[in-house]
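What the coordinates show
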Amino acid sequence: MGKFLEDFKAFALKGNVVDMAVGVIVGGAFGKIVSSLVNDILMPVISLVTGGDGYKNLKYVIKPAQAAAAEGQAAVEEVAINYGLFIQNIVDFFIIALSIFVALRVVMKFMKKEKEEAPAPEPAPTKEEVLLTEIRDLLKDRK
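Attention in this report is confined to the structure presented alongside it. (Residues numbered from 1 in each chain as written. Predicted model: local features only at pLDDT ≥ 70, side-chain atom pairs only at ≥ 80, totals over all residues. Heavy atoms only, no water.)

**With respect to the overall build of the chain**
Note the following rule: Secondary structure elements follow DSSP: runs of H or I no shorter than four residues count as helices, runs of E no shorter than two count as strands, and numbering proceeds from the N terminus. Using C-alpha atoms as the atom set, the radius of gyration is obtained and then compared with a globule rule of 2.2 Å times the number of residues to the power 0.38. Throughout, exposure labels follow a simple rule: accessible area from a 1.4 Å probe, protein chains only, divided by the maximum for the residue type, with under 20% read as buried, over 50% as exposed, and the rest as partly exposed. Using a 1.4 Å probe, accessible areas were evaluated by the Shrake-Rupley method; residue-level cover was limited to the displayed protein chains. Two residue types count as positive, namely Lys and Arg, and two as negative, namely Asp and Glu; His and chain ends fall outside the count. To locate a charge, take atom NZ for lysine, CZ for arginine, CG for aspartate or CD for glutamate.
A tally of regular secondary structure across the chain gives 4 helices and 2 strands. Beginning at the N terminus, the succession of helices and strands in the chain can be written as α-α-β-β-α-α. For a compact globule of 143 residues, the expected C-alpha radius of gyration is about 15 Å, and the chain comes in at 32 Å, more than 25% above that figure. Considered along the principal axes of its C-alpha atoms, the chain spans approximately 115 × 55 × 20 Å. When burial is assessed residue by residue, the chain has 7% of its 143 residues classed as buried. Total accessible area on the chain is roughly 12600 Å²; 66% of this is exposed by carbon and sulfur atoms. Of the charged side chains in the chain, 17 are positive and 18 negative, and the gap between their average positions amounts to 6 Å.

**A closer look at a nonpolar patch on the surface**
So the rule is basically this: Here a patch means residues that are over 30% exposed by relative accessible area and free of salt bridges, tied together within 9 Å if like-charged and within 5 Å if nonpolar (Val, Leu, Ile, Met, Phe, Trp, Tyr). Counted as salt bridges are all cases of a side-chain nitrogen of Lys or Arg within 4 Å of a carboxyl oxygen of Asp or Glu.
On the surface, Leu-58, Tyr-60, Ile-62, Val-79, Ile-81, Tyr-83, Phe-86, Ile-90, Phe-93 and Phe-94 cluster together into a nonpolar patch covering about 1000 Å² of accessible area. Taken together, the elements giving at least two residues each to the nonpolar patch come down to strand 1 (60-63), strand 2 (79-81) and helix 3 (83-117). Looking at which element gives the most residues to the nonpolar patch, the answer is helix 3, with 5 residues. Within the secondary structure layout, Phe-86 lies in helix 3. Judged by relative accessible area, which is 54%, Phe-86 ranks as exposed.

**Re the packing of aromatic side chains**
For the record, the criterion: Two rings from Phe, Tyr or Trp (for Trp, the six-membered ring) form a pair when their centres sit within 6.5 Å of each other. Planes less than 30 degrees apart are called stacked, planes more than 60 degrees apart edge-to-face, and all others tilted.
Overall, the coordinates contain 1 aromatic pair when judged by the stated rule. Residues Phe-93 and Phe-94 carry aromatic rings whose centres are separated by 5.4 Å and whose planes lie at 65° to one another, so their mutual orientation is edge-to-face. With respect to burial, Phe-93 and Phe-94 carry one shared label: exposed.

**Here we look at the environment of Val-79**
The condition is simple: It only takes one pair of heavy atoms within 4.5 Å for two residues to be counted as in contact.
Inspection of the secondary structure puts Val-79 in strand 2. Overall, the relative accessible area of 40% leaves Val-79 in the partly exposed class. Taking the C-alpha atoms as reference points, Val-79 and Arg-105, separated by 26 residues in sequence, lie 44 Å from one another. Filtering out sequence-adjacent residues up to four positions away, Val-79 remains in contact with Tyr-60, Val-61, Ile-62 and Lys-63.

**A word on the environment of Asp-92**
Tracing the sequence through the fold places Asp-92 in helix 3. Asp-92 sits 88 residues away from Phe-4 along the chain, and the two C-alpha atoms are 42 Å apart. The residues touching Asp-92, leaving out its near neighbours within four places in the chain, are Val-34, Ser-35 and Val-38.

**Focus: the pattern of salt bridges**
Pairing of side chains with opposite charge becomes possible as their charged atoms draw close. What the rule picks out here adds up to 3 salt bridges. In this structure, Asp-7 engages Lys-3 in a salt bridge whose closest nitrogen and oxygen atoms are separated by 3.3 Å. Of this pair, Asp-7 and Lys-3 both sit in helix 1 (residues 2-12), 4 residues apart, which is roughly one turn of the helix. One salt bridge connects Glu-78 with Lys-59, and the closest N-O pair in it is separated by 2.8 Å. Residue Glu-78 is located in the loop between strand 1 and strand 2, and its partner Lys-59 is located in the loop between helix 2 (15-50) and strand 1; the two are separated by 19 residues in the primary sequence. Under the relative-accessibility criterion, Glu-78 is labelled partly exposed at 36%. By relative accessible area, which is 39% here, Lys-59 ends up partly exposed.

So this is what it looks like as structure tokens:
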């Protein structure tokens, strides 16, 4: 049991796993921000343009709701296909995908600039390379 816990601790505390967890948390928060953008800013503007209540209330009613007719008889809820919510989720998806794409392009642009600005220094020669260079120079001098 102790070996299992040690292995799990080594796995969970690796940099990649921690980075991934942070990414999931930040991504969830980012999703809420984009959903608010769509629901609270874009959809009201779209509803003004289309002259309706927006996409959220669009639906195809299969069976209308019925109130309780007599005591002891249960009311029947409406059965409907809410295609307006589906359209809104599609808009959410495209805005989130576009936002992530733009953010990744900006990050990649900065990473590319960093690589271009800081060329990698040449590694110091190993002991074997130094020795071989000295031998080569000695052989040149003999001739």
